[in-house]
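As a plain string of letters, each chain reads:
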Amino acid sequence: MSKLDRESVTGISALLVHAANIDETYTDHDKNVIKSFIKSYLQSENVDEVLKEAEKIENNSNQLLHFTNIVK
């Protein structure tokens, strides 16, 4: 796995939150899957804090579009 910085992991997590919200059901299972992704890249970070930031970005669709370039 390549190493991603916090900003990249947060952005990709925001995209994952968005995908989980497509069916308008954002469950605890969805959150746990995203937290696992975050942990796999940012072992020393507060996972809940990163997820909260990702959820905030997901609510602002203009910011979300910026992170699609990271995935490409």
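Values in this document were obtained by computation on a predicted structure and should not be read as measured data.

Conventions we followed
Residues numbered from 1 in each chain as written. Predicted model: local features only at pLDDT ≥ 70, side-chain atom pairs only at ≥ 80, totals over all residues. Heavy atoms only, no water. Helix = DSSP H or I, 4+ residues; strand = E, 2+ residues; numbered from the N terminus. Buried < 20%, exposed > 50% of the residue type's maximum accessible area, 1.4 Å probe, protein only. Contact = heavy atoms within 4.5 Å. Areas by Shrake-Rupley, 256 points an atom, 1.4 Å probe, with all protein chains shown as cover. Lys, Arg positive; Asp, Glu negative; His and termini not counted. Salt bridge = Lys/Arg side-chain N within 4 Å of Asp/Glu carboxyl O. Polar contact = N/O pair within 3.5 Å; in protein donor to acceptor, adjacent residues only side chain to side chain. Expected span 1.5 Å × (residues − 1). Arc of directions from axis to C-beta.

Enquirer: Before we move on, can you summarise the overall build of the protein chain with the specific residues and values?
Expert: Summing up its helical and strand segments, the protein chain has four helices and zero strands in all. For the protein chain, the α and β elements follow one another from N to C terminus as α-α-α-α. Burial statistics for the protein chain: of 72 residues in total, 33% are counted as buried. Across the protein chain, contacts joining residues at least 24 apart in sequence account for 67% of those joining residues at least 6 apart. Surface exposure of the protein chain reaches about 4800 Å², of which carbon and sulfur atoms provide 49%.

Enquirer: Any details on the side chain of Glu 58? Residues and values, ideally.
Expert: Here Glu 58 shows up in helix α3 (residues 47–59). For the buried Glu 58, no salt bridge exists, and the shortest N-O distance to an oppositely charged side chain is 11 Å, to Lys 31. A polar contact is formed between the side chain of Glu 58 and the side chain of His 18, at a distance of 3.0 Å.

Enquirer: Can you explain the pattern of salt bridges? Please cite residues and give values.
Expert: In total, this model carries four salt bridges according to the counting rule given. A salt bridge links Arg 6 to Glu 45; the nearest nitrogen and oxygen atoms lie 2.4 Å apart. Linking Arg 6 in helix α1 (residues 6–21) with Glu 45 in the loop between α2 (28–41) and α3, this pair joins segments that are 39 residues apart in sequence. Note that Glu 53 and Arg 6 form a salt bridge whose closest N and O atoms lie 3.0 Å from each other.

Enquirer: Would you mind going over the side chain of Thr 10 in detail, with residue names and values included?
Expert: Note on placement: Thr 10 falls in helix α1. By relative accessible area, which is 2% here, Thr 10 ends up buried. Residues contacting Thr 10, with those up to four places away along its chain left out, are Val 50, Glu 53, Ala 54 and Ile 57.

Enquirer: Account for α2, naming residues and giving values.
Expert: The first and last C-alpha atoms of α2 sit 20 Å apart over 14 residues, in line with the 20 Å expected at 1.5 Å per residue. Of the positions making up α2, those classed as buried are Asp 30, Ile 34, Phe 37, Ile 38 and Tyr 41. The arc that holds the buried residues of α2, viewed along the axis, is 100°, so those residues lie on one side. Pointing more than 90 degrees away from the buried face of α2 are the exposed residues Asp 28, His 29 and Lys 39. On its buried side, α2 packs onto α1 and α3.

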